[in-house]
Every structure is written in structure tokens, then in C-alpha cells.
4 protein chains.
Amino acid sequence: MKIGIVGGTGYTGAELLRLLATHPEADVQVITSRSECGKAVSELYPGLRGVMDIPFTEPDNEVLSRCDLVFFATPNGIAMQSVPTLLDKGVKVIDLAADFRLSNPADWQQWYGVDHACPQLLDEAVYGLPEMNRDAIRQARLVANPGCYPTATQLGLLPLVQNDLVEGSVIVDAKSGVSGAGRGAKVASLMCEVSESFKAYGVAGHRHLPEIRQGLSRMSARFNGELVFVPHLTPMIRGIHATAYATVKDHSVDLQSLYEQTYENEPFVDVMPAGSLPETRSVRACNQCRIAVYRPQGGDTVVILSVIDNLVKGAAGQAVQNMNIMFGLDEKTGLDVPAIMP
Amino acid sequence: MKIGIVGGTGYTGAELLRLLATHPEADVQVITSRSECGKAVSELYPGLRGVMDIPFTEPDNEVLSRCDLVFFATPNGIAMQSVPTLLDKGVKVIDLAADFRLSNPADWQQWYGVDHACPQLLDEAVYGLPEMNRDAIRQARLVANPGCYPTATQLGLLPLVQNDLVEGSVIVDAKSGVSGAGRGAKVASLMCEVSESFKAYGVAGHRHLPEIRQGLSRMSARFNGELVFVPHLTPMIRGIHATAYATVKDHSVDLQSLYEQTYENEPFVDVMPAGSLPETRSVRACNQCRIAVYRPQGGDTVVILSVIDNLVKGAAGQAVQNMNIMFGLDEKTGLDVPAIMP
Amino acid sequence: MKIGIVGGTGYTGAELLRLLATHPEADVQVITSRSECGKAVSELYPGLRGVMDIPFTEPDNEVLSRCDLVFFATPNGIAMQSVPTLLDKGVKVIDLAADFRLSNPADWQQWYGVDHACPQLLDEAVYGLPEMNRDAIRQARLVANPGCYPTATQLGLLPLVQNDLVEGSVIVDAKSGVSGAGRGAKVASLMCEVSESFKAYGVAGHRHLPEIRQGLSRMSARFNGELVFVPHLTPMIRGIHATAYATVKDHSVDLQSLYEQTYENEPFVDVMPAGSLPETRSVRACNQCRIAVYRPQGGDTVVILSVIDNLVKGAAGQAVQNMNIMFGLDEKTGLDVPAIMP
Amino acid sequence: MKIGIVGGTGYTGAELLRLLATHPEADVQVITSRSECGKAVSELYPGLRGVMDIPFTEPDNEVLSRCDLVFFATPNGIAMQSVPTLLDKGVKVIDLAADFRLSNPADWQQWYGVDHACPQLLDEAVYGLPEMNRDAIRQARLVANPGCYPTATQLGLLPLVQNDLVEGSVIVDAKSGVSGAGRGAKVASLMCEVSESFKAYGVAGHRHLPEIRQGLSRMSARFNGELVFVPHLTPMIRGIHATAYATVKDHSVDLQSLYEQTYENEPFVDVMPAGSLPETRSVRACNQCRIAVYRPQGGDTVVILSVIDNLVKGAAGQAVQNMNIMFGLDEKTGLDVPAIMP
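Residues numbered from 1 in each chain as written. Chains lettered and ligands numbered in written order. Predicted model: local features only at pLDDT ≥ 70, side-chain atom pairs only at ≥ 80, totals over all residues. Heavy atoms only, no water.

This part takes up the sheet that holds strand E9 (residues 227–233) of chain B. Backbone-to-backbone hydrogen bonds pair the strands of a sheet. The strands run either parallel or antiparallel. All names here are of chain B. If you walk across this open sheet you meet the 7 strands as E8-E9-E7-E10-E13-E12-E11, and the pairing is mixed. At either margin of the open sheet sits one strand with a lone partner, and together these are strand E8 (199–200) and strand E11 (269–271). Examined bridge by bridge, strand E12 (residues 289–294) and strand E13 (residues 301–308) share 5 bridges and lie antiparallel to one another. Along E13, the bridge assignment pairs Tyr294 with Val303. Packed onto the sheet, helix H7 (residues 148–162) meets strand E7 (167–176), E9, strand E10 (240–247), E11, E12 and E13 and runs at close to 140° relative to E13. (Pairing = 2+ DSSP bridges. Helix = DSSP H or I, 4+ residues; strand = E, 2+ residues; numbered from the N terminus. Contact = heavy atoms within 4.5 Å. Axes fitted to C-alpha atoms, helices over the stretch in contact; angles between N-to-C directions.)

Structure representation (C-alpha cells):
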């Protein structure tokens, strides 16, 4: 399978390279970067030396159109410029940015501040959360890979919302490692600014809020859309921990069983035994989402703990999972590895 | 002022030593430790070399009774063994452990698993949160220094609860650095276990839950006691970030003003400007609690962000603040320093 | 290939499990631990959930003797108790501890403080540094897997020493992440003790000193044995960076070429281009050793920078590499993966 | 004392603000920054809220000339533009950058790549290492505050070099926390790039090399100038650990006594007891330099371990110490605090 990657210099692109390097069916033929053009990927990421040494090239739709699949690991708003052309040439596309996640172009406009370049593709684009949309992904030409927070959150809430067990608003208190902020040269991402400190951000409104709300609404028409989402920055490189709080008045449901049954056949969702405390390191560098369910003190509030590696299940790993589905491969191909501990 | 410290080998004790070393009125005469008896405190904590070099001694009530004030920086359940004796001899006591925090002995029994050794003192003991109990602290012989999570949480919620603005249950999603787990030799506190990872713990019930619930109930008889408290471990040494969620149906209240007015004269509570994002490092090694208030998307849910240094305002600093109040000193004595940034 | 692991609860054991879990030829049938007997390995290390779930069992030579190969990931001095029995039964052994590294039993006695339990095996045991001893490893029944510091140091110095280019004493200033200190419950390994701090240790004499000296002496009879080795603890989980200083009076040698030629065919030693600065993260979770060579200011002192992951090339990865050699497999089997970056 | 600070937005400037905020004699009247002009310092550094809230202003020599002392916490090459003017107006100056450290203008030109703007001041400028130059500092109008690595290194080597005990070349293997790289928005300083990794840099030649060489040459005319200096980046915010290796053939000298006597009356150099292992955290946020001396295995090589906080004794703290000396204050004023541990 001939693969192209547009925008491979960020952490998401680097993680894609790492995963594809050992994927038995993937042959990365093109990787583009305007800023690092001509340099070998292994010069930028020495961890790839001897494993993947191809050079970054200028983005070129002509070259990309010879691929079977192109991943976009670009900033928001870039993929939408090239996707129509590539689709026309028969290339499949997985966009790891937000360009095709929100199906309503007005939502895109509101949260990203510019008009959408190809709103006509929004209906066709499949939201690439395999646990919700596996069949559609299998048929898709264009997959919008979910955001990191939305992945952890939706997998954590899906069994509750799908079964209409939630009353009132849902609160999601999420914590992310700093790789989620990308590889941009920003003071706010310096080690001296974020290490040994913890803070919330985006409290007034984060771009992943409409994505999560859209996802929950698709799980059940009865979801009322009330969602409070507060992301936090935690001083580590990788990992997301979403702690979700929902009111569930029906005490007769065995939530542990509900979760276990829902995800029984999912290769990348692990419902841990009752009483477990999922750590983000238990999914470091692997594509798992691990979940634990609590009803503290037997009250009405259910607490869902959900962890992923933001660069893997929250980005590049899920993209490879989607690729596997789109091309009829075993979904676990190239992803079936344990986490790195310690 | 002659000071004794019982149990000075943990992080709380070490922080007390650091703060008292530069306190102009405090003269630390005794510091006890069974395990390090005979060793200089500066041998265990070389950061104190040349500043405080007295040796650890065996605990001895006779010697301690010559002090004006004794701090207990011991594990839970130790202070209660000696406090009656010391009070009888006219010594004032500040306990940094939980022994005198819960006024109902049944609560102690339930959450700490043993009978209380001196339940007769629970009514007299003053809960040492100056922002709630300053006058009582001024008169107290025995002060129960609040827990770290309860300090951050109660200061964050006090203006809301005191003014009966909360409806329904309160959710507190709290995050702590690992110094909160103490200096015990536990696998779970090893750097290789907690660094680069994030997890919840105590979801089913944490000992600080009844302490917070008791505090909120004292702020208003109308608080219904419904509280969900989920602590998390975050990979840094110092700092607590409490994110509290409460439903406030009355949209006419200007919460920013309410908070600013409530804490107008408090030297150690800083209500930040609207839109601020308090970082735990902004209070590192200092006694401040910084707070920000949000009503995301104009909804019914209010989000309160509250940060402290768990070893300072959450333990040793607040203890020194209480000492200052008990002995008629300026409350800021020895505590009026900026945070360490970066 | 039937594999047994004795002592699988430490970080070295966990890393062995991680690597063997994806090794196509390895079938881990037994993993022993007295302390965790009966518990699934994935309960202790949730990162293995769904990938390796066998339980820890009591150590039992009878059971172990049914394996083709047994790894000892035990504290120093344990393997020597069982190895003779296992060898007698035809089982091959790789010891990841120090028991068989020093060929002179007096050295063992001096540095480890007890008599050696089977000195008769010391001559037979092969020191498992493939870059030095590949042929002997291929024939070996018993391989002593090198220490982490000795691996980084010897690979860094081999081309110089082997070619008798060194004059006078060699200085090795080495830095290790804290996983090298193991998973024992020690105050000195707590996050609050080692994070955000840096220190030397073992300056007066570290157990890896005689191992390195023995290795250098084997590279050349003309090595005079003068070696200063100072290890340091650096606040990260994985990685060793050895900085070696040697006096090389002969300015005619092109050191860069010498290094590149020496390691030309080595799958796990990467001589980086001149001017490179190897980072430990470029080998995180992979079996590479990356090396750079400098002669600062054109002086007599050569500076060698050498990095490995202490748990992989410095322990479990090298053990798997040795296993591959001993059993005639492609040496890279199960080890051919890129580093985890970021 | 009226104080001005030019360039207060970096970490060195922030640390100056923190130290001066509690200094009883210092009154910071001006703090300049082109980029943050108009913003309160406490907005950029919330840890200063309520303690120091003055605004950044445009640099203006007229305003600065009303100060008694101006600190330059600017990038290299900036101070030299304004210092002559300020000195003419009777203002004393402490430059925390490198502009006046090298007394030979050719050295400046070689290492910093531009001509020096006021070479006529280089002879007058006093190198502000109080342990070497206290008397000259007392008389100085212009003090060149030493670099961080040079401070740790020179204090570590001074007793040896001053007493002509060193033979041959000196090797300094130094490790710094990342705050030494400043607050610039560089990819190389991102948490995801430097956390959990360790690397050398500047091996071919670092700007602190000529500064250290000049310092050692001033300690003894017999120092031959042979110096190998390899700095490393260690994943923590604050702290420098210099490990120096020197050949000392005279075994009759009691080095421990020599060091203790040399620094007997120094308030900020702490020679630790024999066998100590100085940790950088033992000097975190304080102005101490702690030193330990070893002669491993009784050989000819002496190993000196020397730790400082790069932002305090390695920058702002030493600048305040110099200020105290220049203005006839007790040298410890405002600096007499313990380290922050943990």
C-alpha cells in the first residue's frame, strides 16, 4: 500500500512514521514538509535512523496522487485545500486535523474562524471512531480522524449515552500531556513553563467541545446537548485522562456489565475490572483506551475514567486503525503491541 | 517563641522547618523523630545546611512541654496520643494530621478505622482555616490544620456555599502533586511509577471527603451534603489544582465580584482577574491560594479553579499562618514571599 | 521456543515481558515471583493487559527445566543458586544480574561481599556483549548479560581501546535515568527525591567499575587499567548517556571513520554523523546504542558520547539479542523497532 | 536603593524580581521590556501577584539614570550599548549577560561574533565572583556577573588551581537544567523535546569555555590553560552540577581540609563533609554552592562535585550578592534562605 503523509514534522506526523515503519502493509513513499524539505525524516527524528530514512519533500498533489492513501497531519485548515483534488484522483484520505470532523459548516466557521473550503464534502466525510462507525469507515473515501479529547471522552460515555441513561448535563474534566499542544515554538510549551505545574485552559470554550457534543448527540437523539468540558494541561509528554461525571438515576443497571458487553469485541477498548484505576502510562505508545466505571458512595453520579495515549489512539494510532479498516486489513495490524512501562 | 515539632522527617515537617527557619519570631528548639534520632535535620535535608542544624531527638513530652507551641507533623492517629498531656501543661498545639479535623468521633472511626483516643477534645479543637475561623483560631489551644485538598476546595467554594447559591450536588475534581503521598518508601510513589503518568485514586471514597463535606455544611445549613470528590495524582512534586463544578441557577449574581469581595481582605487568597487560568506553579513554595471563576458558555454550571501548594497553604504554611494568629503576630509574618517561578 | 523468566516483577523483568510479548519465536511459559505469586503479570503491569496475562508462579527448578531458555531478572546473587541445576538439565540461561559477569571470583567477592556459589562456571559463562563476543555467545550455555553502564561505556570505547589509541587513564562520566535503581521501595527512588534534581553517586567505587575495567582489558592487553568512573542520577525514567574522555596522542587517525568501520555491520550500534549530539530519547524503548565522537578544539582529549536505553540495550533488549544469537535466529528478531519520540 | 532592571521578561529577570521583592534595601523602580511594555510584571509572572506589580516600560536611559543601580538581564550584546551612558551619569551597573566577562576584546569577537561596543570598559569591569574578587567588587562601578557554568566550575576548582596542585588538562563535565536555555520560544526547549531525555551540547566549543579558562588562569599563572568543557542538558528546570576531573600527583595534601579552609568564611560556598553527594535540589532557589571532593580509589585523579542553582548563584542571586557588596550591605541580605526541598 503506497502511503503519503502531508505535514510530517509535528508530533502526530512523527508518530505516524513510527507506527507505519513497522506496519507490514504500509509503504511510506512520500512525506512532505515545506520547512524541512530535503532533510531526512531521521535527521529530524533520530529515533527513526536506520528504520525510516526517506527525505521530506515539497507538498505536490501530483506526487501524492500516486499514493493509495494520504494522511494529513497538518494544522487545521490545510487539508481542506487539497482533499477534493486527491479524492478526484482516486486517493483515499485520512485527515488527522479538524477539517472534516464537524458536519455542520456553520460549526466549523464558529469554532475555527474561517469559512470551510469544501463544505460539500462534510456529509461524505466519515467520523473515524471505529467503535461507532466501523462500517462507514470501511466504505469511506475520506475519514476525519477524531480529536484526542473527543476520543477518550466519547469512548468513556458511549455505553451510557447510547442507552439513554444520562440525565441532565455531563461534565468532562480532561487532562492532557503537553504533546497535545504540538511541536510549535511557543513559550507556553517550554519545559520551564509547563513542567512541575498544572493548569486548566480553554475553560470558556475549547474546540473539542462541539466535536464531543456532536458525537454524543449521534449516540442518542435523546442526549440534551448539555456538556461542560474543561481541559487541563498536565506535566507529562503523552497521555490523556478524561474523568466524566454524569447523573444516572436508574440504579438497577449494572454499569460494569454494560461497559464490558458494549466493548466485548473491541480490540482497542479495555474495560478494566471494577475498582481499577487506569493510569495513562498503561496505554503509553499503544493504541488502547482503558476505562473504569464508578458510582461513588452509591450515589446518582457516575464517574467514568478513560485513558488513551493522545498521539496513538488519540491521533496516529487511530488513523492507522482506520487505514486498516478502509483497506480490509486485520484492524490490529501494526498496532498490537503492549504499552511502554515504566 | 519556643517551638517543638513532632515527626519532622516527612515532607510536611521539612517544609515547616524551612518556613520556621526564616520566621523572625520562631525558635525551633525541639524536633523529634524516632527513626532519625541523633542525626542533624540538615543531614537529612541538606538544603537546610547552615540555616538549621539542630538534631532530631526522641519524642519526649517532658521536653516538648517546655515549648510554647508544638506542631505535630506525624501520621494520622499519633498526635491524639500526646495532645491531652501537652495541653494540660499549657502548651498550644497545631496538628497537621487529621486527628482533630472531624468533629464527630464516629466519622473519625468510620474513615480512619480506629477509635479516637481523646474524643473529648474534638469540640474544643478549632478547624484551622483562617478564612472561616480566624477569631476562633485566635483563642484556640488546639488547632486542627486542614487537609490539602479540603483547603483548596473549601476556599474555592466558600463564596458560593456561604451565599446559598449552589443547587444539587457539587463535583470536585482535584489533582495533586506526589509530595501529598508523603516520604514513605512505597513502590506507588517511585519516580518510575508516577512520573509521565496520570491517574485517579480514592474514587470510591477518600478521607478528605468527609472533611470537605463537614466544612461546606458549616458554611451553610442549607448545603445538602451531596458531594462527589475525585482526587488524581499528577506527575509533579508540589501543587494542588481543584476544579469544582456547581449548579448555580441564579444568573443575576456577579460571581467575579462576589469572590473578590469575599476575599478582599484575605492576605492569602488571591481572586484572579476574570479569564485567568491559575497555574500551580504560581503558588509554588508560597502560602497563596489563587482562584478563578467561570460560567462556561453562560450555562448553569459554575467552574471554580483553585490552586495551592499542598505543602504550604495545604500544610506547613497554613500551620504557620495559624501560629501567627494564635500568638497575635501579623498573620503574614514569615510567609510574605513570592512563588518560585520557573 | 519455551521461555522461563525468574523474577519478573522488577523493571528489567517487565521489559523482558514487553519485548517477548511481540517476539515471534518466544513463548513465555513460566514467570516466577515469590511476592506476586498467583497474580497475573498484567495485573501488576496493566500495559500488558490482553497481550500477556499469564500468572506469576513460585520459582520451581522442575518447572523451569522444561524451558529451552531461562532468563534471570533477579537481584545479584540469586541466579548463581539455580543456574548449575538448570544447565545440568540442558536448559540455556541468560542472567541479567551480575552473578556471572566478573570472571575472577575474587572480584565478585570484593565488590559483592559474598563468596561466589559456583565459581567453576565463571570461565564458561560468556559475557554477552554481542559486539565483542558474538561467536562465543552463539555456542554458549550460559550468558552473563552486561550491566547497563558497562554496555554504553564499552561500546563507546571499543574502537579506541581495541586499536591501542588510548594513553593514560580513561574518564567515564555516566548519567542514568532512575529506572536503573530498580522497583524497590526505597526513599531514595521516590519521585519527590529524584525528580527536579541531579546528583552523582558511587563516586568512591561503583560495582560497574570492575566490569568495565575487565571489558577494556579484554579489548587490548595494552590497556593499563586506569579508569575513573563516576555515575550520576538524572531525573528521567529511562536512558543512559556515557561521556567518555580519553587522551589520544596520534592525530593522524580519522576517528569518525574508525568508528564507522568498526560498527559497520552491527545492527544495534549507530555511529552518528560527525557533529551529532545523541539524545537518550533517540533510543527510548529500542535496542540501539548511538555514538558520536569528538576531539574538541583539536586537542589530545577525545570525547565519546554514547547513549542507550538502560532497560533495553542495557538489559532486556540485549538479553533478547543474545537469545536470538544463541538460538540461531536473525539477531534483530523482535527488536527491530524505532524509538519512542517524543 | 533605587533599582532598575533592563530586560525583565526572561528567567534571569524574573528571578531578580523574586529576590529583590523581599530584599529590605532594594526598591525596584524601573523594569523595562520592549515586548511586554505596559503589562504588569505580575501578569507575566503571576507568582509575583500582590508582591510586585509594577509595569514593564520601554527602555529609557534617562529614566534608568535616576537609579542607583541598574541590572542588565538582557541577551548578550545589549548591555554594552547603554552601559557607558549610565556609568557617565553615575549609575552603577551589574550585567548578567556576557558583555563584560572576557577582558580581551578579541575573545569577545571570536566567541560572540561581533565587535565589542565599548572595549575601553573591559579593563575596568570587575568579574563578579565574590569568592575571587570581593575587594574589587566593593569598589566597582561595573560588575560582569559570571556565567552559570563558570560559577559552579570555578568555585569547584579554585582551591586546587590557586594552590598549583593541578597537572595537565582539566576536564569539566557539566550538567544544567533547561532554564539555562532561557525563555525564548525555541523548539529545542519544548517540554516534549527535553523532558525524559539527556544530551550533551556545545561539545565542539561552548562560550563558557573561554570564561572558565580566563578564570582559572587568573587563579594561578601556572595553570596551563588546557581545559575540556562538555555541557549537558538534563531534564529539570533549575540546577547545575559540575563534575570536574583533575590530575593531582601530590598525595600528601589533605584536599578536604584545603577546601574547608579555603571557603571557611564564605557565606555562599558550602564544602560538604567527606563522602557527601551534593544534589542540585539542595541549592534550589537559594544562593549556595555546595561542593564535595573525592579521590576515587586513591588514584591521581581528583573528582570535584559542585552544585548551584543556575538562576540564583549562577545568575540573579550572585548579582544580588554583588549588589550587597557594592553598596556596603551585609553580603547575605535578602539571600539568607534555605533551599526548597522537596
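So much for the structure itself; the text now carries on.
Our next topic: the domain arrangement of chain A. Residues and elements named next belong to chain A. In terms of domain boundaries, chain A breaks down into domain 1 (2–124) and domain 2 (149–309). Contact with domain 1, which involves 13 residues of that partner, is made by 14 residues of domain 2. Counting the surface domain 1 buries against domain 2, the share from its top three residues, Tyr11, Arg101 and Trp111, is 49%. In this structure, the connection of domain 1 to domain 2 is made through 2 salt bridges. Here domain 1 is connected to domain 2 by 9 residue pairs in polar contact (both at pLDDT 80 or more). The element contributing the most residues to the side of domain 1 that touches domain 2 is helix H1 (residues 11–21), with 3 residues. Of the residues that constitute the side of domain 1 that touches domain 2, the class distribution is 6 nonpolar, 4 polar and 3 charged. (Domains from an automatic or database assignment. Buried area = accessible area lost by both parts, 1.4 Å probe. Salt bridge = Lys/Arg side-chain N within 4 Å of Asp/Glu carboxyl O. Polar contact = N/O pair within 3.5 Å; in protein donor to acceptor, adjacent residues only side chain to side chain. Nonpolar A, V, L, I, M, F, W, Y, C, P; charged D, E, K, R; others polar.)

Residue and element names in this part refer to chain A. Here the structure, examined in full by the defined rule, presents 10 aromatic pairs over all chains. Note on Tyr149 and Phe229: the rings are 5.2 Å apart at their centroids and 75° apart in plane angle, and the pair reads as edge-to-face. In this pair, Tyr149 is assigned in helix H7 (residues 148–162) and Phe229 in strand E9 (residues 227–233), connecting sequence segments 80 residues apart. For the pair formed by Tyr149 and Phe229, the shared burial category is buried. Between the NZ or CZ atom of Lys92 and the centre of the ring of Phe327, over which it lies, the distance is 5.0 Å. (Phe/Tyr/Trp six-rings, centres within 6.5 Å; stacked < 30°, edge-to-face > 60°. Buried < 20%, exposed > 50% of the residue type's maximum accessible area, 1.4 Å probe, protein only. Lys NZ or Arg CZ within 6 Å of the ring centre and 35° of its normal.)

The next subject is the relation of the copies chain C and chain D. Under the fitted operation, chain C is carried onto chain D by 0.0 Å of movement along the axis and a turn of 180°, and the coordinates agree to an RMSD of 0.0 Å. In short, the pair behaves as if placed about a two-fold rotation axis. (Least-squares fit on C-alpha atoms with pLDDT ≥ 70 in both.)

All names here are of chain A. Read from one edge of the open sheet, 7 strands run E8-E9-E7-E10-E13-E12-E11, paired in mixed fashion. Each of the sheet's edge strands pairs with one partner strand only, and the pair in question is strand E8 (199–200) and strand E11 (269–271). With 2 bridges joining them, E8 and E9 adopt antiparallel strand pairing. Across the sheet, Lys199 pairs through a bridge with Leu233, a residue of E9. Helix H10 (residues 255–262) contacts E11, strand E12 (289–294) and strand E13 (301–308) of the sheet and is inclined by roughly 160° relative to E12.

Residues and elements named next belong to chain B. Look at H7 against helix H11 (residues 312–326): their axes get within 8 Å of each other, and the N-to-C directions meet at 100°. With respect to each other, H7 and H11 are oriented roughly perpendicular. Of the residues in H11, those in contact with Cys148, Thr151 and Leu155 of H7 are Lys313, Gly314 and Gln318. Residue composition of the contact of H7 with H11, by class: 2 nonpolar, 3 polar and 1 charged. (Parallel < 35°, antiparallel > 145°, perpendicular 65-115°, else oblique.)

Let's shift gears to empty space enclosed by the protein. Unoccupied space between atoms shows up once a probe the size of one water molecule is rolled over them. For the coordinates displayed, the defined rule picks out 12 cavities of 30 Å³ or more. There is about 170 Å³ of room inside the largest cavity. In terms of lining, the largest cavity is formed by 16 residues, of which the most central are Ser195 and Pro235 of chain A, Ser195 of chain B, Ser195 of chain C together with Ser195 of chain D. A breakdown of the residues in the lining of the largest cavity according to their chemical character gives 8 nonpolar, 4 polar and 4 charged. (1 Å grid on protein atoms, 1.4 Å probe; cavity = no way out; pocket = protein on both sides within 12 Å on 5 of 7 lines; lining within 4 Å. Points joined across faces, edges and corners; volume = space filled by probe spheres on them.)

Here we come to the pairing of strand E9 (residues 227–233) of chain D. All names here are of chain D. Counting buried positions over the 7 residues of E9 gives 7, a clear majority of the element. Side chains Leu227, Phe229, Pro231 and Leu233 project from E9 onto one buried face, and the interleaved Val228, Val230 and His232 project onto a second face that is buried too. The pairing of strand E7 (residues 167–176) with E9 spans 7 bridges and is parallel. Residue pairing in the sheet places Val170 in a bridge with Leu227 of E9.

Each partner contributes to the interface: chain C provides 42 residues, whereas chain D provides 42 residues. Overall, the association of chain C and chain D removes approximately 3,600 Å² of surface from exposure, summing both partners, and the carbon and sulfur fraction of that is 58%. Taken together, chain C and chain D are joined by 4 salt bridges. With a closest N to O distance of 2.6 Å, Arg281 of chain D and Glu193 of chain C form a salt bridge.

Right, let's get into the UniProt feature "active site" (unreviewed entry) in chain A. Residues and elements named next belong to chain A. Here the UniProt-annotated "active site" (unreviewed entry) positions come out as Cys148. Here Cys148 is to be found in helix H7. Beyond its immediate stretch of four places on either side in the chain, Cys148 contacts His208, Ile240, Ile308, Asn310 and Gly314. (UniProt positions renumbered as here; feature names shortened; annotations may be inferred.)

Before going further, it helps to spend a moment on unusual backbone geometry. Glycine aside, a negative phi is what most residues show, and trans is what most peptide bonds show. Here Met341 of chain B and Pro342 of chain B are connected by a cis peptide whose omega angle stands at -5°. Here Pro342 of chain B shows up in the segment after H11. Of note, the phi angle at Ala285 of chain A is positive, near 65°, even though the residue is not glycine. Mapped onto the fold, Ala285 of chain A is located in the loop between E11 and E12.

This part covers the interface of chain A and chain B. Across the boundary between the two partners, chain A contributes 42 residues, which contact 42 residues of chain B. Interface area, chain A with chain B, both sides summed: about 3,600 Å², of which 58% is carbon and sulfur. Applying the counting rule to chain A against chain B returns 4 salt bridges. For the side of chain A that touches chain B, the secondary structure elements donating two or more residues are strand E7 (167–176), helix H8 (191–194), E8, E9, strand E10 (240–247) and E13 of chain A. Residues of the side of chain A that touches chain B, tallied by class, amount to 23 nonpolar, 10 polar and 9 charged.

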